[in-house]
Each structure stands twice: as structure tokens, then as C-alpha cells.
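# Tertiary structure, described
Residue strings, one per chain:
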Amino acid sequence: MTTATGIGIGIAFGDRDVLKDVNITLTDKSRIALSGGNGSGKSTLMKILSGVNPPDRGQVSIPKSVRTYYLPQSGIVFKDNTLLEEVEGAFDHIRELEAEMDKIGHELTTCREDKHEKLLFEHNEIHEKIVESGYYSREGEITKILQGLGFDLKEFNKKTSEFSGGWQMRIALAKALLQRPQLILLDEPTNYLDIEARDWLGSFLKVFTGGVLIVSHDRFFLDQVVDHVAELFNGSLKLYKGNYSKYEKLREIELEELLRQYKKQQEEIAKHENFIRRFKAKASKATQAGSHEKALEKIERIEIPTSMQKMNITFPKPPHSGKNVIMLEDLNRSYGDKKVINHLDLHIEKNEKLVIAGKNGAGKSTLLRVLAGVDKDYTGSFKLGTDVKVGYFSQDHGEKLNENNTILEELESESPTDLIPKLRGLLGAFLFQGDDVFKAIKVLSGGEKNRVSLLKLLLKPFNLLILDEPTNHLDLGSKDVLLSALTEYEGTLIFVSHDRYFIERLATKVLHLENGEHKLYLGDYNYYKAKRDEECLNIEGDYTEIKEVKQSKLSRDEDKKLKNLIQKLERVEAELLTKIEKQGEITTSYHNQMALEENYSNPQKAIEIQNKIKDSEKLEEKLTIEWEETLIELEETRELRS
């Protein structure tokens, strides 16, 4: 089913055409990544396709029956409701349908016979839409989506105003997914998600029943989700079949050919310009010079997309350090009663590249601040090795720049002399192109300041780099530049990132943090993931609680209590399964009754049966949730006793 069609879309900002004659068709099966350089018009096109903004030229057609949802990069703030109340709002359009169905149900009891069949059809059609929306099973769906996006059950009754900006956007994403639109347009949703939430979202979108148009700077995520890539370049749109990695390979081949043509064209342009320069002033050659000028004007200039240009950047060689770079013994860090780092022993040697992994709030940034010497509020032993010089980047480093400087002046103030001629190129790689380099620091956004701060750090000769989410606010091209530089970096690296592609190609060791506990994996990220998957298969329920209980052997009385509890839970689980089966049979019998002409042709009977179906489905869903909760408790109790 076609969900949206754009024909001849064009829009200009000032004298610049951002989109020119763009054509695109989206269906409920679409899985498309929208690609293009910084400022190529990706967000602009999304807003036009979703109906948020009109185009200057062309038209967008969306069938009336199609619901679309556009989620911007940022700017959504929730204030008054609890988390649960806010996401329940995703079903407001279904409540309207329910009210409409009830209204039709009332009309069925009083209508003339000639209107009865039409009203009954409308009633059944609305009921089917409500069932398909997941409305009757929304409690389970809300829990699944919120937990998948990283929310804890304990936060469900927390006021939305208490969540930070990134978590506010997660709430908005949860509402978008719960609405089950026929077309969802997501503008950089991975910006505010950790790896676990990105993996979950990727799995969710793979089986999502509507169409997806998405902008993201996470290769691994895009490869997981999309089967086409639509590239915006110079105002035009071109569609490529395949995932993002396949698109990049195809684009690389195209770029090689484009560079060959560009080089040939530049040689031709140079010949015309040289002839004009040499002979324009000579009367005998003036006519020929004029012909060359006309030929020059007719040449359609080839442009190289900056987003596809490969840049190789070498940062200063780090000074020598000793073999032992960091030594931690029995390191502890707490916030009040909450232990974030608990008895950590860690030894980092020269040239290692360690990534710190774990969910949001696990203590990753806290540990980086301790290692960087910023956080002194810890116990235990922390030593740096001989001649170790630390360079530290955090998400608030952009606020430490000199706001009176321009971007270029800020870098020149501390850049090594030999790198000053290369600064414009470096800034271009970090998305500051052309006259952008003359912008004052004070007018930059938070993300732009962080990019300047990161580049400024990398210009200095440190032999230990500690980087907290360095890939935030970078597009794929900039990430490639950073990845290449850090891969060639000859010092020691400790970092946190939510970009799996970046981590997989960089990390040589992984330190996992969870609930104050820690574990070091002596291999790359793929090794870490494989080992974690094995551990999750062997350990069900809450890993930390089970670990703590198993530290001491159960007494005979405790074992007896657990045995009795297991037997009780097994009885309850079996009873609930029986009830679910019986209730399912009741629901089926009501549907069978509704199919009989004597019932669907009788308005009063039809309404009564529809209400019974609705009540039966609600009860079945309630019983299913109880059964799932009982089963989880049973498995956890069995694990405690094993």
C-alpha cells in the first residue's frame, strides 16, 4: 500500500535550492535510509513528506486512511504527566474510534432496517481497527517498548519533567512506536540511544508493520533495518537498492568514475582558461578567445559530494610512555548509598584500546572522570604510569572554549605549527566548511562546540586519550575520519561510545559495568558480545541479585521455603494457562455467534455480542499478563534454589 508520494518537490532557502525536482514513493513495506551530506536537506524533505512543512514546488500525496508520524531530532519536551500517562496518550486516536464505535452501537438499536447493514459494517470495521492497533493489549505493549528503550519499571510513575532531554526524546519515540502508524519518519533517533536500545529498536523496526524512512549516523543500525538508501546530493534524490554497506560500496565505485570525469573536466577547463588568459588581449586571437569563453560557459560543472570524499588525517605522534599506563586497585565510587564502581582492579598497558560498556547509568562516564583525574571522590588506589600525558574529552568540554574566538582562531591558538596549514581541511572533516570556520564560538550550538573541542584535543600530543562518546554530533563521514585517526593512533585509548560499528573496529578489550559490578573481557567487541550472549543463556532473571544470593549457601529452612514457593507458583501458572485457554475458547465462540445471520442482522444482538467480545479479549489479555509475571517469578525462584 502506498503511504506517501512526493512529485517534483522543490524548496529554496534564500537563493539556494535545497531540493530540486525530488520524486519519491513510500509504501507500508518501505525500509529506506535517507542519506546525504550535512545541509543536504534530509530533515527538510522529511518535514515536507510528513506534512509538517509545505514545499515551494511540487506536491505530496498521502491517502486519508494513512496515518504518518514524524519524529524530529530534538526539541520535544513533556512536563505534566507521569511517564505511563504520557505514553498512554499514544492511544488517544483509538479512544476516539472507540467512542465512534459506541455511538454507532447506540444508533444500531434505534435505526431503520435499511440503514442497519451499513452501520453494522462500519461498527465491525472500527472494531477491527481497534483490535489491530493493540489497544486491548496496550499494557503489555507499553511495558515492552518502554523497557526496550531503556526505561526501568520503577520509572513508569515518574514525572516526565524529571527526565533529561535525551530521555524526553525516548518518550517521544515510544509514543511514535505505540501509535503503529502506516508510515514513520525518524530523524536521527539513534542520537539519544545507547547500544542496547539501538539494538532493540533495530529489531523492532525489522518487524514493524508500517513503512520506515530514517536518518541515522549509525552504520550497524542502518544495516540492521534498511533495504534501500535514498541519497540527497545537490538537491536531487537517487535510490539505491540494498543496505547501507552495499550503498557505500556502490557509491565508492560511482565516486571513482566521477573523480575520473572531474579530473578530465578540470583539464579541459584549464586549457580554455589558459587560452583565454594568453590571447584575449590580442586582436588577432580575440574571436578564438571568445569561442573558448562560450565553450567554458557551456560546460556543466561536475561537483564532488563532500559527504563521499575520503579524508586521511594524521594527528601528532604521542610522546613515549612507560609500559604500564593505568593501575587501579580496589577502586570504589558511590553516589550516596548507590555503589557505581565496586572494588575495581584494572591494569591498562601501553597501546591498548579499551571500551567501557554497560547501560546508561552504569557508571561509564564516572569511571572516565576518575581516570582523567577530574573526579577525586573515590577510595582505593589509582596510579598513572611513567610519563603518561592524559587528554580527556567529555560532553561538557565545549563549554570550556574561549567564546570570543572564531572557530579557526580557537584551533590556531593551541595547534602545533606544522598543522596550522591543515586546519581548514580538518575543520571540513568535522563539518565546518567554507565560511563556517569564521563563526564565533559563542554562536555555536552545544553539538558544534563539542566538535571543536574534540578536534582541539586531537591536535595535541597526548599518549593517553580518554574519550566520552566522541562520535556524538558527527555524521558518518566525520566518524570515518575520527575512526581512521584513532586506529592509527600510537598511544593508549580508553573510550565510551554507543556506535557499534565504531567500537567493533577500534576496541581491543571491553570492560563491562553493571549494577556496581564489573568484568573485563580480553578480546574485541565481537568476542565480548558472544561471551555476554552465552552468559545470558545460562543466567535468567536478574543477574546481580542471583549472584548475591548464591554467594552464601541456602539454609535448610530457606531451601524449604523456596521449594514450597516453587510448588505454589507452578500451581498458579498451570491454573492461569487453563483460564487463558478457556477464555480464548469463549472469545472464539462469541466471534462464531457474530458470524450468524440471525445475530449480525439483529442490531440489539449484534451490539451485545460485540461488547462480550471486547470484554472477553480484555480479560484474556489480563490473564496473559498475570501468567507472564508468574512465569518470570517461577524461573527466578528456581534459579535461586539451583
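Residues numbered from 1 in each chain as written. Predicted model: local features only at pLDDT ≥ 70, side-chain atom pairs only at ≥ 80, totals over all residues. Heavy atoms only, no water.

## Structural notes on the pattern of salt bridges
- Under the criterion given, the structure shown has 32 salt bridges.
- Across the pair Arg-57 and Asp-17 runs a salt bridge whose closest N-O atoms are separated by 3.9 Å. Placement of the pair is Arg-57 in strand β4 (residues 57-61) and Asp-17 in strand β2 (residues 16-27), with a sequence separation of 40 residues.
- Across the pair Arg-138 and Glu-88 runs a salt bridge whose closest N-O atoms are separated by 3.4 Å. Placement of Arg-138 in helix α5 (residues 138-148) and of Glu-88 in helix α2 (residues 83-88) is noted, with a sequence separation of 50 residues between them.
- The network of salt bridges with shared partners includes Glu-88, Asp-92, Arg-95 and Arg-138. (Salt bridge = Lys/Arg side-chain N within 4 Å of Asp/Glu carboxyl O. Helix = DSSP H or I, 4+ residues; strand = E, 2+ residues; numbered from the N terminus.)

## Quick look at the UniProt feature "coiled-coil region" (unreviewed entry) in the protein
- Per the UniProt annotation, the sites labelled "coiled-coil region" (unreviewed entry) are residues 248-282 and 555-582.
- Spanning residues 248-282, this segment combines 91% helix with 0% strand, and its end C-alpha atoms are found 50 Å apart. (UniProt positions renumbered as here; feature names shortened; annotations may be inferred.)

## As for the pairing of strand β7 (residues 211-215)
- Across the 5 residues that make up β7, a large majority, 5, are buried.
- Bridging between strand β6 (residues 183-187) and β7 involves 5 bridges; their strand directions are parallel. In the sheet register, Asp-187 faces β7, and the bridge partner there is Val-215.
- In this view, the connection linking β6 to its parallel neighbour β7 by way of helix α7 (residues 195-206) has right-handed handedness. (Buried < 20%, exposed > 50% of the residue type's maximum accessible area, 1.4 Å probe, protein only. Pairing = 2+ DSSP bridges. Right-handed = clockwise from strand over helix to strand, strands pointing away.)

## Quick look at empty space enclosed by the protein
- Following the criterion strictly, the structure yields 3 cavities of 30 Å³ or more and no others.
- Taken as a whole, the largest cavity encloses approximately 80 Å³ of empty space.
- Forming the walls of the largest cavity are 13 residues, and the residues nearest its centre are Ile-195, Ala-357, Gly-358, Ser-497 and His-498.
- Sorting the residues of the lining of the largest cavity by element identifies α7 and β12 (353-357) as the ones contributing at least two each.
- Per element, the largest residue contribution to the lining of the largest cavity is 3 residues, and it comes from β12.
- Grouping the constituent residues of the lining of the largest cavity by class yields 7 nonpolar, 3 polar and 3 charged.
- Reported here for the second largest cavity is a volume of approximately 40 Å³.
- Around the second largest cavity, the lining residues are His-217, Arg-219, Leu-476, Lys-479, Asp-480, Leu-483, Asp-499, Tyr-501 and Phe-502.
- Secondary structure elements with two or more residues in the lining of the second largest cavity: α15 (476-488) and α16 (500-504). (1 Å grid on protein atoms, 1.4 Å probe; cavity = no way out; pocket = protein on both sides within 12 Å on 5 of 7 lines; lining within 4 Å. Points joined across faces, edges and corners; volume = space filled by probe spheres on them. Nonpolar A, V, L, I, M, F, W, Y, C, P; charged D, E, K, R; others polar.)

## Structural notes on the sheet that holds strand β10 (residues 324-335)
- If you walk across this open sheet you meet the 3 strands as β11-β10-β13, and the pairing is antiparallel. The open sheet has two free edges, formed respectively by β11 (338-349) and β13 (379-384), since each of these has just one partner strand. Neighbour-to-neighbour, the strand axes of the sheet open up by a mean angle of 15°, direction not taken into account.
- With 8 bridges connecting them, β10 and β11 associate as antiparallel partners. If you follow Ile-326 over to β11, its bridge partner there is Ile-348. (Axes fitted to C-alpha atoms, helices over the stretch in contact; angles between N-to-C directions.)

## Quick word on the domain arrangement of the protein
- Each assigned domain of the protein is listed here: domain 1 (248-298), domain 2 (324-539) and domain 3 (556-640).
- Each of domain 2 and domain 3 has a C-alpha centre, and the two are 50 Å apart. (Domains from an automatic or database assignment.)

## Some words on the nonpolar core
- In terms of nonpolar packing, the biggest core is built from 61 residues, with Phe-151, Leu-173, Leu-177, Leu-205 and Ile-214 touching the most fellow members.
- Considering every element that reaches this core, the biggest residue donor is helix α6 (residues 165-178), with 9 residues.
- Not counting the four nearest positions on each side in its chain, Phe-151 is found in contact with Leu-83, Leu-146, Phe-156, Phe-163, Trp-167, Arg-170 and Ile-171.
- Counting 45 residues, the second largest nonpolar core, distinct from the first, contains Leu-423, Leu-426, Ile-441 and Val-452. (Core = buried A, V, L, I, M, F, W, Y, C linked by side-chain atoms within 4.5 Å. Contact = heavy atoms within 4.5 Å.)

## Focus on the packing of aromatic side chains
- Within this structure, the stated rule accounts for 12 aromatic pairs.
- Ring centres of Tyr-240 and Tyr-247 lie 5.2 Å apart, and the angle between their planes is 65°; on these two criteria the pair is classed as edge-to-face. A single burial state applies to Tyr-240 and to Tyr-247, both of which are buried.
- Taken together, Phe-91, Tyr-135 and Tyr-136 form an aromatic cluster joined through their ring pairs.
- When the ring centre of Phe-432 is taken as origin, the NZ or CZ atom of Arg-451, which lies over that ring, is 4.6 Å away. (Phe/Tyr/Trp six-rings, centres within 6.5 Å; stacked < 30°, edge-to-face > 60°. Lys NZ or Arg CZ within 6 Å of the ring centre and 35° of its normal.)

## Digging into helix α9 (residues 244-279)
- Helix length check: α9, at 36 residues, gives a terminal C-alpha distance of 51 Å against a target of 52 Å (1.5 Å per residue), a fit within 8%.
- Listed in full, the buried residues belonging to α9 are Tyr-244, Tyr-247, Glu-248, Arg-251, Leu-255, Leu-258, Gln-265, Ile-269, His-272, Phe-275, Ile-276 and Phe-279.
- Among the structural elements, β3 (31-36), α8 (219-225), β8 (228-233), β9 (236-241), α10 (286-298) and α15 are those in contact with the buried residues of α9.
- Two to three positions downstream of the cap, the backbone nitrogen of Ser-245 sits 3.3 Å from a side-chain oxygen, assigning the N-cap of α9 to Asn-243. (Expected span 1.5 Å × (residues − 1). Polar contact = N/O pair within 3.5 Å; in protein donor to acceptor, adjacent residues only side chain to side chain.)

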